[in-house]
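Report on the structure
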Amino acid sequence: MLDTPTRMTTEAPPLSDEKLAVRPRLLSVADAKAMSLAEMTELFKDHINPGQLHFMKLLGFHKVKIERAEGMYYTDQNGRKILDFFGGFGSLAFGHNHPRIIAARQQFQDEDRHEIAIAFMSQYASALARNLAAISPGDLDMVFLGSSGSEAMEAAIKVAERAAGPARPKIVYAENSFHGKTKGVLSLTDSPLYRGEFRLVDNTVKVPFGDIDAIRNAFEADPAIGVIVLETIQGGGGIVQAPVAFWQQLRALCDKHGVLWIADEVQCGMGRSGRFYAFEHAGVVPDVTALAKSLGGGKCAMAAMVASRKVYMKAYGTPKTAMIHAQATFGGIGEACITAIEGLNVLYDEDLIGNAERTGGYLLEQLEGLKAKYPQIIKEVRGQGFMVGLEFQDFSQTLPALLRPMVGMLDEKLKGSLSGFVGAELLRDHDVLVAFTEYNRNVIRLEPPLICGREHVDRFIAALDAVLGRGIARIVRDFIGSQVASKA
Ligand SMILES: Cc1ncc(COP(=O)(O)O)c(C=O)c1O
């Protein structure tokens, strides 16, 4: 075992001055690198999130310690290569450790560049903002740089609220939405779990996602509505899309009522849908948008809010208003900016957006083939590009009567849901990682890096076919068996 720092207890005698002066016993980087799976688990339990370990155990994730990551693969402590169809919920457009991104970061370090861009302007922050303005359609020209999707979305709702003006403070959001966990955007996130029992902002109106009539009614009924916030493709909700016509009608409706539209592209943006922004499929432009996740090149925290010049200038365009929501401490930090600049160039140089459209289309086709083969297991395949959802049938209805009592033995989170079992088997028997979704536990999310080739899709489909080919009863029985064995 590592000599981990000892815990303070209430019984401990008061420390002498001499002891207080002693350096705390800290683990070094070398200690962290050498840490065993058991030690890592203990520390996770003691200092990060003991309850979360329960879910990792359900899925078998607790047995994995990652030692390397390259391209489409993780490599674990036993040298096993795990195919990444999870992609960090859309954070790994370039795969793991893309060589061009690594080289750009290395060069930046070798040149002893400054990182914090608060006192002086940064040529890197300026270049990144200019690139984002060049990519973004219409007059989406003004960029706020931050470190997380939540921060970019907070910036989005604040700029829009100020531009809408004090007489129109209400914000419309959608059922099934996810916009982050900081308190402002949590107020626009439709999850009882994440909302906890926090006291959230109450100037909000909820509508069904993709329902233009509900939005029209809301706008007509309440002139205090100034802003509407929607993910262009709902990610946390289980990959849910609205038709192209919806976005065109939304744009017209917003123009008619003078409501500002914020498109949350944190998960579906950066080329994942087969266009840089998913809203480009509808040929319309929102007033404000937000990016994060893959903007950090899979290497760092980087996020951006991009607002139309008109909206931005109205909110913060004068010296008196300029500092209301200016960059925070880590906004525009040097290495994150050059990572994002290089990533955006790689995206176009390697035609990753085109690949998302073509190879993502191939993935959808192959999944439709599996749906036709296993109609009693797969309920729906949906999505666009490399943002794909696979919804399973509720097996509690279809399981043979003999096996139904076993369902009672399952963890609450797994009842009626096949995605946990299928995902756990894909990892255990086929070395493939997929993602789940809190809102709809019957959905597997597939968000592989945009470098994913047909050969990776073929490998994934063969693995999924092998798991589903065993039939629901065996999948469920096996899973329960492995849970019982791991508890014994
Ligand atoms: C659509 C959307 N918006 C916002 C966020 C919040 O991003 P972050 O986790 O970086 O704060 C997420 C994260 O998953 C997201 O999917």
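Residues numbered from 1 in each chain as written. Predicted model: local features only at pLDDT ≥ 70, side-chain atom pairs only at ≥ 80, totals over all residues.

Looking at an unreviewed UniProt entry, the protein chain carries the name Ornithine--oxo-acid transaminase, with the source organism given as Hoeflea marina. If you open the UniProt record of the protein chain and go to Cofactor (unreviewed entry), you find "pyridoxal 5'-phosphate". As recorded by UniProt, the Sequence similarities (unreviewed entry) comment attached to the protein chain reads in full: "Belongs to the class-III pyridoxal-phosphate-dependent aminotransferase family." (UniProt positions renumbered as here; feature names shortened; annotations may be inferred.)

All right, on to the site of the ligand then. Close contacts around the ligand come from 15 residues, with Gly 149, Ser 150, Gly 180, Val 266 and Gln 267 the closest. No other element matches the three residues that helix α8 (residues 149-164) contributes to the shell around the ligand. Class assignment of the residues belonging to the shell around the ligand gives a composition of five nonpolar, eight polar and two charged. (Near = placed C-beta within 6 Å. Helix = DSSP H or I, 4+ residues; strand = E, 2+ residues; numbered from the N terminus. Nonpolar A, V, L, I, M, F, W, Y, C, P; charged D, E, K, R; others polar.)

A sheet is described by the order of its strands in space; here four strands give the open sequence β13-β14-β17-β16, paired in antiparallel fashion. Strands with a single pairing partner mark the edges of an open sheet, and in this sheet they are β13 (378-384) and β16 (435-436). Of the strand pairs in this sheet, β16 and strand β17 (residues 443-446) are connected by two bridges, and their pairing is antiparallel. Of the residues in β17, the one forming a bridge with Ala 435 is Arg 445. Against the sheet, helix α15 (residues 352-373) contacts β13, β14 (387-392) and β17, and its axis sits at roughly 170° relative to β13. (Pairing = 2+ DSSP bridges. Contact = placed C-beta atoms within 7 Å. Axes fitted to C-alpha atoms, helices over the stretch in contact; angles between N-to-C directions.)

Since the α-helix turns once every 3.6 residues, residues separated by three or four places project in the same direction. If you check which residues of helix α11 (residues 212-221) are buried, you get Ile 215, Ala 218 and Phe 219. For α11, the angular spread of buried residues about the axis comes to 95°, placing them on one side. In α11, the exposed positions angled more than 90 degrees off the buried face are occupied by Asp 213, Asn 217, Glu 220 and Ala 221. (Buried ≥ 20, exposed ≤ 12 C-beta atoms within 10 Å, placed from the backbone. Arc of directions from axis to C-beta.)

Two elements in contact, α8 and helix α13 (residues 309-316), have axes whose closest approach is 8 Å; the angle formed by their N-to-C orientations is 75°. Taken together, the axes of α8 and α13 are roughly perpendicular relative to one another. Here Val 159, Ala 160, Arg 162 and Ala 163 of α8 lie close against α13, whose contacting residues are Val 311, Tyr 312, Lys 314 and Ala 315. Broken down by class, the residue content of the contact of α8 with α13 amounts to six nonpolar, no polar and two charged. (Parallel < 35°, antiparallel > 145°, perpendicular 65-115°, else oblique.)

Next up on the list: unusual backbone geometry. The backbone of Lys 293 shows a phi angle near 40°, a positive value even though the residue is not glycine. Tracing the backbone through its elements, the reader meets Lys 293 in the loop between β11 (288-291) and β12 (303-308). Its identity as a non-glycine residue notwithstanding, Asp 431 has a phi of 55°, on the positive side. Secondary-structure assignment places Asp 431 in the loop between α18 (419-430) and β15 (432-433). Judged by local crowding, Asp 431 falls into the partly exposed class, with 16 C-beta atoms found within 10 Å.

Examined at the domain level, the protein chain breaks down into domain 1 (66-84 + 352-487) and domain 2 (100-349). Just the C-alpha atoms count here: the centres of domain 1 and domain 2 sit 30 Å apart. Every contact between the two is made by 22 residues of domain 1 and, on the other side, 17 residues of domain 2. Listed by contribution, the elements that provide at least two residues to the side of domain 1 that touches domain 2 are α15, β13, β14 and β17. At five residues, α15 tops the list of elements feeding residues into the side of domain 1 that touches domain 2. Its residues assigned to classes, the side of domain 1 that touches domain 2 comprises nine nonpolar, seven polar and six charged. (Domains from an automatic or database assignment.)

With that out of the way, let us pick up the confidence of the model for the protein chain. Across the protein chain, the average pLDDT comes to 93, with 92% of residues at 70 or higher. Contacts of residues 5-10 to residues separated by more than four positions or lying in other chains number three contacts, the stretch itself having pLDDT below 50. (pLDDT = per-residue confidence, 0-100.)

Ordered by their spatial adjacency, seven strands build an open sheet running β4-β12-β11-β10-β7-β5-β6, and the pairing between neighbours is mixed. Of all strands in the sheet, those bounded by a partner on one side alone are β4 (140-146) and β6 (204-207). Within the sheet, the average angular offset between the axes of one strand and its neighbour, ignoring direction, is 20°. When β4 meets β12, the two strands line up antiparallel, connected through six bridges. Of the residues in β12, the one forming a bridge with Phe 144 is Met 305. Set on the sheet, helix α7 (residues 123-135) makes contact with β4 and β12; between it and β4 the angle comes to about 135°. Seen against the sheet, α8 touches β4, β5 (170-174), β7 (225-231), β10 (260-264), β11 and β12 and runs at an angle of roughly 20° to β12.

Membership of the largest hydrophobic core comes to 129 residues, with the highest contact counts inside it found for Ala 152, Ala 156, Val 159, Ala 160, Ala 304 and Met 305. Broken down by element, the residue count for this core peaks at nine residues, all from α8. Each of two domains, domain 1 (66-84 + 352-487) and domain 2 (100-349), supplies a minimum of three residues to this core. Setting aside residues no more than four positions away along its own chain, Met 305 makes contact with Phe 144, Ala 152, Ala 155, Ala 156, Val 159, Val 288 and Ala 290. (Core = buried A, V, L, I, M, F, W, Y, C linked by C-beta atoms within 7 Å.)

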